[in-house]
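These are the residues of each chain, in order.
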Amino acid sequence: MPEMPEVQGLTAFLAERAVGRTIVRTSVGAIAALKTYDPPNTALHGARITASTRRGKFIVLSCGDELHLVFHLAKAGWLRWYETLPTTLIKPGKSPIALRVGLDDESGFDLTEAGSKKSLAVYVVRDPQEVPGIARLGPDPLDDDFTRDAFAGLLTGRRTQIKGLLRDQAIVAGIGNAYSDEILHAARMSPYAIADKLDGDEVDRLYAAMRTTLTEAVAEASGRPPADLKDAKRRGMQVHARRGEACPVCGDVVRSVFFADRSLEYCATCQTGGKVLADRRLSRLLK
């Protein structure tokens, strides 16, 4: 799933390549992906892109102040850029293309989604806050005003596992399954630690790990074209999606806990005092 660093990389790429260009056409390939009808997607035709910004994991292409193309790539979505956009007809339901956007210099992009479970979402709105997922977003963890004390305040009173809290977009925006694994590994913290039970030193470590991990990942994604971002993400992972490999910090084997539609990866030596987490949804540390 694209998370904040990759989404920021895509946002920066579109700011460089698409801002200033005019949208000449849009083609919807997956009707279910288009979540709005007023304004219609055809309202974008003839509109000049004035800004490319990120809100959590959402990308916002603004055409002035009152028209915005917003999209969320979900678990299996991606943006495919073309210097010369194909002219082939898109048949709804017959390809992975959810939306095609053509620009006035013949370039453009496709929003694609692999697999049978379709979650990619596209919105055409007058205000990005009309998108429910944006309206409920928590603070961005790389904002200047997201201080250590502000983070500690979000943890207070939350008797939930820290892994789930980091992934909750209403609490902290932009972090998903992969980077929550990486942050917790860097912080030397169990994914099952309870947020409200963290002491001051643990909050310090977690906050520092979050800021450093995300800052480095954003820097790695910066300047890369969309085609290179996924590989750059994989290369930067220390534990996520590295089950069975050696932890780069201590050399212990990286382990997984599997759930219905995802898994988490961790190092027992670095994060749980050597204890192995049981591989079931409601697991606790093995005695």
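Along each chain, the written sequence defines residue order, and numbers are assigned to residues from 1. In keeping with the model being predicted, local features are shown solely for residues with a pLDDT of at least 70 and side-chain atom pairs are shown and tallied solely at 80 or more, while totals for entire chains, interfaces and linings include all residues. Calculated side-chain values reflect all of the structure's heavy atoms, with hydrogen atoms and water omitted.

Caption draft 1: Looking closely at the overall build of the protein chain. Secondary structure assignment for the protein chain yields 8 helices and 10 strands. Across its three principal axes, the protein chain shows a C-alpha extent of roughly 60 × 35 × 30 Å. Buried, partly exposed and exposed residues are distinguished by accessible area as a fraction of the type maximum, computed with a 1.4 Å probe on protein chains only: under 20%, between the cut-offs, and over 50%, respectively. Within the span of the protein chain, comprising 287 residues, buried residues form 49% of the whole. Should any heavy atoms of two residues lie within 4.5 Å, those residues are counted as being in contact. At a minimum sequence separation of 6, the contacts of the protein chain that also span at least 24 residues come to 64%. Helical segments are the DSSP runs of H or I of at least four residues, strand segments are the runs of E of at least two, and each set is numbered from the N terminus.

Caption draft 2: Region of interest: the pairing of strand β2 (residues 51-55). Only one face of β2 is buried, namely the one carrying Ser52 and Arg54, since none of Ala51, Thr53 and Arg55 on the opposite face is buried. Two strands pair if DSSP finds at least two bridges between them. With 5 bridges joining them, β2 and strand β3 (residues 58-62) adopt antiparallel strand pairing. Residue pairing for β3: Arg55 is matched across the bridge by Phe58.

Caption draft 3: Structural context of the sheet that holds strand β6 (residues 97-103). Judged by pairing direction, the sheet is antiparallel, and its 4 strands sit side by side in the order β1-β6-β7-β5 without closing on themselves. Looking along the sheet, the strands with just one partner apiece sit at the ends: β1 (23-28) and β5 (77-82). On average, each strand axis in the sheet is tilted by 15 degrees relative to the strand beside it, whichever way the strands run. As defined by bridge partners, β5 adjoins strand β7 (residues 108-113) across 6 bridges and the pair is classed as antiparallel. Paired with Gly77 across the bridge in β7 is Glu113. Only the stretch in contact is used when a helix axis is fitted, and all axes are lines through C-alpha atoms; the angle between N-to-C directions ranges over 0 to 180 degrees. Those strands touched by helix α1 (residues 4-17) are β5 and β7, and its axis lies near 25 degrees from that of β5.

Caption draft 4: Region of the structure containing unusual backbone geometry. Cis geometry marks the peptide bond from Asp38 to Pro39, where omega comes out at 5 degrees. Here Pro39 is to be found in the loop between β1 and β2. Of note, Glu106 is a non-glycine position whose phi angle comes to about 75 degrees, a positive value. Along the chain, the position of Glu106 falls in the loop between β6 and β7. Taking the relative accessible area as the measure of exposure, Glu106 reaches 57% and is therefore exposed.

Caption draft 5: Region of interest: helix α6 (residues 200-221). Expected helix span is computed as 1.5 Å times (number of residues minus one). A rise of 1.5 Å per residue sets the reference length of α6, with its 22 residues, at 32 Å; its end C-alpha atoms lie 32 Å apart and thus fit the reference within 8%. For α6, the set of buried residues is Val203, Leu206, Tyr207, Ala209, Met210, Thr213, Leu214, Ala217 and Ala221. Taken around the axis of α6, the buried residues stretch over an arc of 160 degrees, which confines them to a single face. In α6, the exposed positions that point more than 90 degrees away from the buried face belong to Glu216 and Ala219. Buried positions along α6 lie against α1, α3 (148-155), α4 (162-167), α5 (177-186) and α7 (226-236). To obtain the arc, one takes the directions from the helix axis to the C-beta atoms.

Caption draft 6: A look at the layout of surface pockets. Within this scheme a cavity is a closed region of a 1 Å grid, computed over the protein atoms alone, that accommodates a 1.4 Å probe without allowing it to escape, whereas a pocket is open but has protein on both sides within 12 Å along at least five of seven lines; lining residues each have an atom within 4 Å of a point. Grid points are joined across faces, edges and corners, and a volume is the space filled by probe spheres set on the points. In this structure, the largest pocket encloses a volume near 1000 Å³. Every residue lining the largest pocket is counted, 37 residues in all, and those nearest its centre are Met1, Pro2, Ala74, Lys75 and Ala76. For the lining of the largest pocket, the elements supplying multiple residues, two or more each, are β5, β8 (121-125), α5 and α7. If one sorts the elements of the lining of the largest pocket by residue count, α7 sits on top with 3 residues. Along the lines of polarity and charge, the residues of the lining of the largest pocket split into 14 nonpolar, 8 polar and 15 charged. Space inside the second largest pocket adds up to approximately 370 Å³. Around the second largest pocket, the lining is made up of 21 residues, and of these Glu182, Thr213, Glu216, Gly236 and Gln238 lie nearest the centre. Contributions of two or more residues to the lining of the second largest pocket are made by α1, α5, α6 and α7. Among the elements that take part in the lining of the second largest pocket, α6 stands out by supplying 6 residues, more than any other. Here the lining of the second largest pocket is composed, by residue class, of 10 nonpolar, 5 polar and 6 charged. Polarity classes work like this: nonpolar for Ala, Val, Leu, Ile, Met, Phe, Trp, Tyr, Cys and Pro, charged for Asp, Glu, Lys and Arg, and polar for all others, with Gly in that last group.

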